[in-house]
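# Survey of secondary and tertiary structure
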Amino acid sequence: MSEILSERIPLELEGTPVSSIMIEEPFTCTQDCTISDVVRMLAENEVSSMPVIDERNQVVGFISDGDVASYLGSNNISLLDSTLNIYRFEDDSALTSRLVDLLNLDVMDIATKRVISVREDTPLDKAVHTLSEKRIKKMPVIDGEGRLVGALSRRNVMHAIAGAIGELKARS
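One open sheet holds the 3 strands; their spatial order is β1-β2-β3, and the pairing between them is mixed. Pairing within the sheet leaves two strands with one partner each, and these edge strands are β1 (29–30) and β3 (59–64). Relative to β3, strand β2 (residues 49–53) runs antiparallel, the two sharing 5 bridges. Note that in β3 the partner of Ser49 across the bridge is Ser64.

This is the structure in structure tokens:
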């Protein structure tokens with residue numbers, strides 16, 4: 001399992017590359033996995049999301065527990081017609097029925113396909129800005145050829161900040 005080593009957390013965060021604090025071997029799934037496979041992997045590995053990769057280790061999607069939960073939630077639809085009448089359609093399918101439908105899907109049916117990623121040599125402050133601006137919790141880290149080499153999460157960033165604060169306090 002991947003872990004962040006405290007000795008890898010730099011004191012000076014400015015200019016620090018993402019590669020110095022990223023998860024080096026993130027859990028992944030392949031594009032031919034089913035949602036049943038993905039749910040099992042997320043639960044067994046106690047992670048909330050993972051990149052979806054192809055046979056060349058290229059990121060082709062990203063799946064999260066939020067994607068699964070969104071599919072399982074009831075879908076109530078409202079439509080507004082040209083006469084400004086509102087029509088509401090209630091989703092009356094049972095949760096069990098939606099779960100059965102979900103488990104039969106391929107991961108790419110609900111995975112995010114336009115994945116926001118960051119290169120391993122990107123300065124940490126730029127990567128943190130991307131996480132914040134796009135309101136995402138984790139993103140794949142890729143090399144110059146677009147192959148997955150890691151993942152960066154807000155948790156990694158918090159560990160780096162905590163390490164820098166600890167070092168600053170020790171110097172004082």
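This part covers the confidence of the model for the protein. Of the residues in the protein, 78% reach a pLDDT of 70 or more, and the chain-wide mean stands at 82. With pLDDT under 50 throughout, residues 1–11 is counted as low confidence; its partners more than four residues away or in other chains account for 29 contacts.

Take the sheet that holds strand β6 (residues 118–119) next. The mixed open sheet is built from 3 strands, whose spatial order is β6-β7-β8. Of all strands in the sheet, those with a lone pairing partner are β6 and β8 (148–153), marking the two edges. Of the pairings in the sheet, the one linking β6 to strand β7 (residues 138–142) comprises 2 bridges and is parallel in character. Bridging from a neighbouring strand, Arg119 pairs with Ile142 of β7.

Moving on: the nonpolar core. Residues Cys29, Val38, Ile63 and Val107 are the most contacted members of the largest nonpolar core, which totals 17 residues. Of all elements in the fold, only α1 (35–45), β2, α2 (65–72) and α4 (107–110) reach the threshold of two or more residues within this core. Ranked by residue count, the leading element in this core is α1, at 4 residues. Among residues more than four places away in sequence, those in contact with Ile63 are Cys29, Ile35, Val38, Ser48, Ser49, Met50, Val52, Val107, Ile110 and Ala111.

How each quantity is defined
Residues numbered from 1 in each chain as written. Predicted model: local features only at pLDDT ≥ 70, side-chain atom pairs only at ≥ 80, totals over all residues. Heavy atoms only, no water. Pairing = 2+ DSSP bridges. Helix = DSSP H or I, 4+ residues; strand = E, 2+ residues; numbered from the N terminus. pLDDT = per-residue confidence, 0-100. Contact = heavy atoms within 4.5 Å. Core = buried A, V, L, I, M, F, W, Y, C linked by side-chain atoms within 4.5 Å. Buried < 20%, exposed > 50% of the residue type's maximum accessible area, 1.4 Å probe, protein only.

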